[in-house]
Each structure stands twice: as C-alpha cells, then as structure tokens.
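One letter stands for each residue in the lines below.
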Number of protein chains: 2
Amino acid sequence: MSELAERSGVSIPTIKFYIREGLLPPGRTTSPRQADYDESHLDRLRLVRALVDVGGLSLASVREVLDAVTGPAGLDQAIARAHGGLAPRPPAEPDTTRARALVGRLGWVVDEHGAPLRQLAAALEAAQAVGLDVDDALIDVYAGAAAVVARYDVSIIPWSREDPAPSVTQAVLGTVLYEPLLLALRRLAQSDAFVRGPQRDGGATA
Amino acid sequence: MSELAERSGVSIPTIKFYIREGLLPPGRTTSPRQADYDESHLDRLRLVRALVDVGGLSLASVREVLDAVTGPAGLDQAIARAHGGLAPRPPAEPDTTRARALVGRLGWVVDEHGAPLRQLAAALEAAQAVGLDVDDALIDVYAGAAAVVARYDVSIIPWSREDPAPSVTQAVLGTVLYEPLLLALRRLAQSDAFVRGPQRDGGATA
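The following refers to the structure shown.

Digging into the pattern of salt bridges
On inspection of all chains with the given rule, the structure shows 16 salt bridges over all chains. The salt bridge involving B:Asp153 is made with A:Arg186; its shortest N-O contact spans 2.8 Å. In this pair, B:Asp153 sits in helix H8 (residues 136–155) while A:Arg186 sits in helix H9 (residues 165–196), so the two residues belong to two different chains. What makes B:Asp153 buried here is its relative accessible area of 6%. A:Arg186 sits in the buried class, given a relative accessible area of 1%. Through salt bridges that share partners, A:Arg105, A:Asp136 and A:Asp140 make up one connected network.

This is the structure in structure tokens:
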C-alpha cells in the first residue's frame, strides 16, 4: 500500500478510506500485514482523485461513475451512465422541451432522458433567467465547436469491444479533465479577442 | 423593493442581505418606508444571482467581479479583472511555464500573470497527474474550438466606449452562463459521436 501511495501521490489514510467506502477494491492479501496492489488499483485511484479533485464530485456521484465504468453494459451505455454521475444536479428538474427541440435541429442522436440533456435544459434556463439571449445563431456556433471537440475526444479513446473498461475510464477521465482545459482556453481566447478589439475580430460570425 | 423582488424573482430578505453586504447599492430613499429602485438595480441583481447560482462563486469572488464591472478601467482591463474573480482558485499556485509556451505557440495575446493562464496551467497539471495526455494535437483542436466560441462571444457584446458598464456586465454574464451550455453541448455531442461509433466519426481529426 505504501508503494501505491507513493506512485499515486495519495496518502495511505485516504487510500484506506476509499477502500472502506468501496471506491477502491482491497488488494490481494499475501500475508497478515501485506497486500498486493496492481496497475488496476493505480488506474482506479487516479480516476477517483480526478473525479473528486477536478470534477468536484460527491462520493455518491463518484460511486455512480465507477458503477458505469465497471458495469457489464456496452461502451455507449456505460458512457451514458457515467455522464449521469458526472452531470451537476440541477436544483429543480428542468423543462427539457426546448433542449430536445434544439438537439433535434442539430440532428444529434442522444438519450432524451439522459443527464446531458437535463444539463443543457438547466443551462438554457439559467441564461434565460438573467435575460441573456440564447438564439439559434449562438447555439450553432457553440454546438459546432462542441462537436469538433467531441469527435476528437471519441477518436483518441482506445477502442476495444473485448475489454471496454479502459475505454470507459479514458472517456470519463477525458470528459472530466478536459472540461477545465476547454473553459480556460475559451477565457484566454476571449482575452485575445478583446485585446484585438471587435473591429478586427467581431462581427465576422454575428 | 417588493416590485424589484417580483421582477427579479429574488426574495426581499435576500435583496436586503445583498444591500447589507454591499453587493447591491441601496435604492434612492423617497420616504421613511419607501425607496426607488431602477433598471440598474435589476441588472445588478441578475448579475449577482447568475454569479452565485450558476457560477457557484463565493461572495468575496462576486465582490471582485462587481468591482471590475463598476471600476473606472477600460473594457479589456475590466474583463481581465472580472476573469480574476471568476477563475476557480487552484489549491496551489501552478507552474505556468508550459501554459505560457502553449499560448505563445497559438499566437494569442494574453496577460502572462492573469487568472485564465493560471487556470490553464492548473488544468494541464490535473490531466498530467492522472497520466492523461495533453499533446499539441489535442490543444490545437480545443484551442481552435475555444477561439471560434470566444470570437463569437466578443462579437455579440454591445460595445460602447462611452459607457462600458453594460458591455462588461454582458461579457461577464456570457462568460459565466455560456460555460455550462458549452459543456452540456460537448457531452451531448460525445453521446452522438459514441452512438455513431469511431468507425464513422473517429480518426478524422486524429
């Protein structure tokens, strides 16, 4: 366990806590004071830390994501279930009517009862509540950019129908860890666009 | 005040709390039990709610953003200061060496000591910590998508050098409220790409 702690950078008390909470399977006991941990433990530990530290997920949500990663479902069902755990819980159940219409207009094939659709509905409601416009032109720009990123995300996942677990882990890690990357890059690009001024960069897509 | 509460959907005790905390200027007193509130109060109240509810900001961060919105700085300085309040506080000061090199390679003009650059550095560190690759190919895809979105963001801001306050408010609202929109659309696009399978969509950009 001390080797696992060293390689992962996670403290021994925290590792013990995760094992007690069922987030990490116990090692294979080799002697009363010794247990073996393998690469799968290290992978799982990294996933849990990423979900907690970067994703800001509760232990209950982490468990939901782990169930998806280790469950017997196919790859796309596993991703859908992982997204369920990853999505922020909206304070109230949002009305998904507009979100469904919008995704339909984009021609995307998505689960009409899935967490990402509720996430979109909540985002639309929040913008509307402060009188911020979310018209078709804005959706087209954002959806176009999101699709480029998402197709790339899927293309770099090691794809294996025989052993889907690493694919699902990679997909979940990518979903959680590349989000702050995308948001940071958007803000930097905004700074750049502001410095250049609207005369040079603005209006081209308006 | 009851009219302000009704139009904003924010309760009177909450409005009183914001005034006490200095997040909302008091109304113009017209009689001992009566005060006038105008459109600027409503705008400010919507901004505070968006920052708290959607942005998940602390009151201290909200104050930082409001100082930027109402400060005497030029528009791009105000945006930079607002970004300072909006950026998540990384647990430790990240090393920005790689983030600066990366932004330099993209040719973006950004503040080398600004919050978004630290945000990018923290995102890179988090991905690296779980062994997730962030190579130039991935950065190019993400930065390209971020730039398209950011240029559009800047293009739709009402631009006025005479009265920059509404521009800054719009820029801050857009930064905060369109983030969940972008993330929800990315997840939906991922679902769509997964359903279509890597054979059809993957690899094109790899």
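Things to note about the relation of the copies chain B and chain A
For the pair chain B and chain A, the best superposition has an RMSD of 0.1 Å and corresponds to a rotation of 180 degrees with a translation of 0.0 Å parallel to the axis. Both chain copies can therefore be described as sitting about a two-fold axis. Closest approach to the rotation axis within chain B is made by the C-alpha atom of B:Ala145, at a distance of 2.3 Å. Most of the interface of chain B is mirrored in chain A, where 99% of its interface residues again form contacts.

With respect to the packing of helix H6 (residues 97–106) of chain A against helix H8 (residues 136–155) of chain A
Residue and element names in this part refer to chain A. Between H6 and H8, the shortest axis-to-axis distance is 11 Å and the interhelical angle comes to 60 degrees. What the angle tells us is that H6 and H8 run oblique. Between H6 and H8 lies a crossing of right-handed hand. Contacts between H6 and H8 involve Leu102, Arg105 and Leu106 from the first element and Asp136, Ile139, Asp140 and Ala143 from the second. The residue inventory of the contact of H6 with H8, partitioned by class, reads four nonpolar, no polar and three charged.

Cut-offs used in this document
Residues numbered from 1 in each chain as written. Chains lettered and ligands numbered in written order. Predicted model: local features only at pLDDT ≥ 70, side-chain atom pairs only at ≥ 80, totals over all residues. Heavy atoms only, no water. Salt bridge = Lys/Arg side-chain N within 4 Å of Asp/Glu carboxyl O. Helix = DSSP H or I, 4+ residues; strand = E, 2+ residues; numbered from the N terminus. Buried < 20%, exposed > 50% of the residue type's maximum accessible area, 1.4 Å probe, protein only. Least-squares fit on C-alpha atoms with pLDDT ≥ 70 in both. Contact = heavy atoms within 4.5 Å. Axes fitted to C-alpha atoms, helices over the stretch in contact; angles between N-to-C directions. Parallel < 35°, antiparallel > 145°, perpendicular 65-115°, else oblique. Left-handed = near helix turned anticlockwise from the far one by under 90°. Nonpolar A, V, L, I, M, F, W, Y, C, P; charged D, E, K, R; others polar.

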